[in-house]
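# Results of the structural survey
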Amino acid sequence: MVTTLQADKIVDARGAQCPGPLVELIRAIKEVPVGTVVEVWTQEPRTKEDAKAWCERAGHEFLGAFPADGYERVLVRKKR
Amino acid sequence: MGQAKVVIVGGGVGGTFVANLLAKHSDRLEVTVVDATGVHHYQPGLLYVPFGWERPERLRHDERRLLHPAVQLLQAPVERIDVDARQLRLSDGGMLPYDFLVIATGSCPVPDEIPGLAEGSHHFYTEPAAVRLREALHRFEGGRIVVGIAGFPYKCPPAPLEFTLLLDDWLRRRGLRKRTEVVFVTPLPQLFSIPTVAPLFEELFARKGIKVETFFNTERVEPERRRLVSLEGKELDYDLLVLIPPHRGSPLIDASALGDKGGWVPTDRNTLQVKGQERLFALGDATDLPVSKSGAAAHFEAPIVVSNMLQLLEGREPIACYDGSVMCLVEVGDGKATVLRFNYERPPYPPQPSVLWRWVKALMNRFYPATIPRAIALDVLFAAWQGKFAPLSPFCGSELMERLRRGHSGDS
C-alpha cells in the first residue's frame, strides 16, 4: 500500500519543529493545482494529527501517514 | 598577531550585546558595528504604542550611546557580504574587511506576501505601523476587530496574543468592549504553537469572550469590502484588522546569497557559526534556528558567540554551546503577566499569571537601555530563575556542565 501512493510534490520538513511541517504542507497545497498529491516529510509527531484535522477543515483528502527511515511521510491530495 | 578585526552587521539586541561583550577584549580585538540607521529600537515596547501606553520616541535609542566606547560604529547601509573576500561592500562603494563577522541583521515583516494585507491590515511590529494602529484604534467606536497571525514565521510568537488581551483591557477602559466583538484568527490547530502553553491562553480568551478561529490561513484581504478570506474557504468581515504579517530575513542576506528560501542564515544550533563558515557567526532573528525570533534568544546567544570567537582566536575548537534558551515575559491583561522559559529540550510550563511577573516585565522594559551598554546580561537574572549560574553557561559543552545538565534533567 505504501508504495502505490505516488506524490506529485515532496516537501522535506525534517528537523522543523511544530508548527513548521504543517505550515510547509499548507504552503505547498496553496501552490499546487487541484488533484495534486503532496507529501511532507516530518519528524514532528504531531504533524499527522494536525494535518488530518486541517484536511477535514479545509476540504482536502488526508491519504495517511507512513513511517520511513527516521521520519514520517504525510500524504494529502488537494481537492478543491 | 595584532588586533583581529571583528565586524558586526546590525545594531539590534544581538549585535549590540555581542559588541559590548567583545569590547572587554579590546586588547586583542578591534570591534566595529555597522548599522544602516544608527538608531536602536527597543521593539518589545511597540506592543504598548497602539494603546497610547508607551511613546514611540522613548523606544528609540542612539546606538552610539548603547555601545561601549571601545566599539566603533559605522552608520552605513551594507550592500553585500562577500564571504570569499572576507569583506563587506557598503552602499557608498566602500569596502570593510574583517577577520570575524557576526550577522545580526534581524528580520522584517513582509505584508506583501499576502494580497491585500498591506492595504487592509494594521500591525505593530514597526514604529510607523504601531503609530498608524494607535490612530485607527483611537478612532474606533465599536464593531468587529479581527486580530491574528497571517503567516509564519513571525517575530515574538506571543505578541499577537498579548496584544489581543491588552486590547480587551483597553476596550473595557474606554467603555467599548460591549460594542466590540474581538476575533482571533490563527493558521494553527490551537491558539499557540507550543502545546504546553496553548491551554493557558485558551482559558484566558474564553473567559474574556474573545472568539478564536483556528486553521484560518489568510489567503487574501479585501480592503474595500473589509473582508478576510481563508485558504480553508471561510470569510470574515471586519471593522478593524490587526494581522501580523509573515517575516523574512534581511534583504542583505538574500543579496549576499547567504540565506535559505526565507532569507534565514543556516546556523549551527550549538556553536552559532554559520554553517560551513568557521569565522562567521549569526544570532538573533537572522538565523534559521528552531527557536523564537526574539530579543531574548539573541541575548542568550550573544555570550556563546563571544566565547566561541575567543576560542577560535586562540586556535582552539569552539566549545561553547547554545542550548536553545529563550525567555518571554508575556502580558495577559488585568495587569498580570506570565513567563515562558524553554530551550531545545524542555518546553515551557508557564506559571499562573501574576502581578509580580508584570512588574518584572515593566522593570525589564525600563532598564534595558541602562543594562545593555554595560553588557549586563539579563541572563544573570534569568539564571537565578532557572536555578543555575549563567556565567558558566558558555562552557556548557564541558564535561562538568554536561554532568550538571544531565543531573538537572534527571531530576525533572
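Residues numbered from 1 in each chain as written. Chains lettered and ligands numbered in written order. Predicted model: local features only at pLDDT ≥ 70, side-chain atom pairs only at ≥ 80, totals over all residues.

With that out of the way, let us pick up the overall build of chain A. If you tally the helices and strands in chain A, you get 2 helices and 4 strands. In sequence order, the secondary structure elements of chain A are arranged as β-α-β-α-β-β. For chain A, the spread of C-alpha atoms along the principal axes amounts to about 30 × 25 × 20 Å. Long-range pairs, those at least 24 residues apart, make up 61% of the contacts in chain A with a sequence separation of at least 6. (Helix = DSSP H or I, 4+ residues; strand = E, 2+ residues; numbered from the N terminus. Contact = placed C-beta atoms within 7 Å.)

Within chain B one finds 11 helices and 21 strands. Compactness check: chain B gives a C-alpha radius of gyration of 22 Å against a globular reference of 22 Å for 412 residues, within 12% of the reference. If one aligns the C-alpha atoms of chain B with their principal axes, the spans along those axes are about 70 × 55 × 35 Å. Looking at the 412 residues of chain B, the share that counts as buried comes to 46%. Partitioning the intrachain contacts of chain B with sequence separation of at least 6 by distance along the chain shows that 64% fall at a separation of at least 24. (Rg over C-alpha atoms; globule rule 2.2 N^0.38 Å. Buried ≥ 20, exposed ≤ 12 C-beta atoms within 10 Å, placed from the backbone.)

Attention now moves to the domain arrangement of chain B. Residue and element names in this part refer to chain B. Taken domain by domain, chain B consists of domain 1 (4–106 + 250–411) and domain 2 (110–247). Its C-alpha centre places domain 1 at a distance of 28 Å from the equivalent point of domain 2. Between domain 1 and domain 2, the residue contacts involve 23 residues of the former and 27 residues of the latter. Among the elements that take part in the side of domain 1 that touches domain 2, strand 20 (residues 326–333) stands out by supplying 5 residues, more than any other. Its residues assigned to classes, the side of domain 1 that touches domain 2 shows 14 nonpolar, 5 polar and 4 charged. (Domains from an automatic or database assignment. Nonpolar A, V, L, I, M, F, W, Y, C, P; charged D, E, K, R; others polar.)

On to the interface of chain B and chain A, then. Each partner contributes to the interface: chain B provides 11 residues, whereas chain A provides 13 residues. The class makeup of the residues in the side of chain B that touches chain A is 7 nonpolar, 3 polar and 1 charged.

What follows deals with the environment of Ala370 of chain B. Note on placement: Ala370 of chain B falls in helix 9 (residues 355–371). Taking the C-alpha atoms as reference points, Ala370 of chain B and Glu127 of chain B, 243 residues apart in sequence, are found 21 Å from one another.

Residue and element names in this part refer to chain B. Taken N-terminus to C-terminus, the directions of helix 1 (residues 13–22) and helix 8 (residues 295–313) make an angle of 30 degrees; their axes are 8 Å apart at the nearest point. In terms of their interaxial angle, helix 1 and helix 8 are classed as roughly parallel. In terms of crossing hand, the pair formed by helix 1 and helix 8 is right-handed. On the side of helix 1, the interface is formed by Val13, Gly14, Phe17, Val18, Leu21 and Leu22, while helix 8 contributes Gly295, Ala298, His299, Glu301, Ala302, Pro303, Val305 and Val306. Taken together, the residues that form the contact of helix 1 with helix 8 break down as 10 nonpolar, 3 polar and 1 charged. (Axes fitted to C-alpha atoms, helices over the stretch in contact; angles between N-to-C directions. Parallel < 35°, antiparallel > 145°, perpendicular 65-115°, else oblique. Left-handed = near helix turned anticlockwise from the far one by under 90°.)

Moving on: the sheet that holds strand 11 (residues 143–149) of chain B. All names here are of chain B. Sheet architecture is open: 4 strands sit in the order 13-12-11-17, paired in parallel fashion. Two strands lie at the open edges of the sheet, namely strand 13 (211–213) and strand 17 (240–244), each paired on one side alone. Neighbouring strand axes in the sheet, compared pairwise and without regard to direction, differ in orientation by 20 degrees on average. Contacting strand 11, strand 12 (180–185) and strand 17, helix 5 (residues 159–173) runs over the sheet at an angle of about 160 degrees to strand 11. (Pairing = 2+ DSSP bridges.)

Summarising the element assignment, Pro189 of chain B is placed in the loop between strand 12 and helix 6 (198–207). For the pair Pro189 of chain B and Pro353 of chain B, spaced 164 residues apart in sequence, the C-alpha separation works out to 24 Å. Other than its neighbours up to four places away in sequence, Pro189 of chain B contacts Asp50, Ala53 and Trp54 of chain A together with Thr214 and Phe215 of chain B.

Residue and element names in this part refer to chain B. Here we have 5 strands laid out as an open sheet, ordered 5-2-1-9-19, and parallel in their pairing. On the outer flanks of this sheet lie strand 5 (72–75) and strand 19 (280–282), each paired with one strand and no other. Averaged over all neighbouring strand pairs, the angle between strand axes comes to 20 degrees, with direction disregarded. Where strand 9 (residues 100–103) and strand 19 come together, 3 bridges link them in parallel fashion. Looking at the pairing, Val102 lines up with Phe281 of strand 19. Each of strand 1 (4–9), strand 2 (29–35) and strand 9 touches helix 1; the most contacted strand, strand 2, lies at about 160 degrees to it.

Glancing now at the packing of helix 1 (residues 20–31) of chain A against helix 2 (residues 47–58) of chain A. Residues and elements named next belong to chain A. Two numbers describe how helix 1 lies on helix 2: the axes approach to 9 Å, and their chain directions differ by 35 degrees. Here helix 1 runs over helix 2; the crossing is right-handed. Note on element contacts: helix 2 touches helix 1 through Thr47, Asp50, Ala51 and Trp54, opposite Pro21, Leu22, Leu25 and Ile26. Taken together, the residues of the contact of helix 1 with helix 2 break down into 6 nonpolar, 1 polar and 1 charged.

Turning to the pairing of strand 9 of chain B, a few remarks are in order. Residue and element names in this part refer to chain B. Of the two faces of strand 9, the one lined by Phe100 and Val102 and the one lined by Leu101 and Ile103 are each fully buried. As paired elements, strand 1 and strand 9 share 4 bridges and run parallel to each other. Looking at strand 9, one finds that Ile8 is bridged to Val102.

Attention now goes to helix 6 of chain B. Residue and element names in this part refer to chain B. Of the residues making up helix 6, those classed as buried are Leu200, Phe201 and Leu204. The arc that holds the buried residues of helix 6, viewed along the axis, is 90 degrees, so those residues lie on one side. Among the exposed residues of helix 6, those oriented more than 90 degrees off its buried face are Glu203 and Ala206. Buried positions along helix 6 lie against helix 5 and strand 20. Of the residues flanking the end of helix 6, it is Gly209, one or two places downstream, whose phi is positive at about 70 degrees. (Arc of directions from axis to C-beta.)

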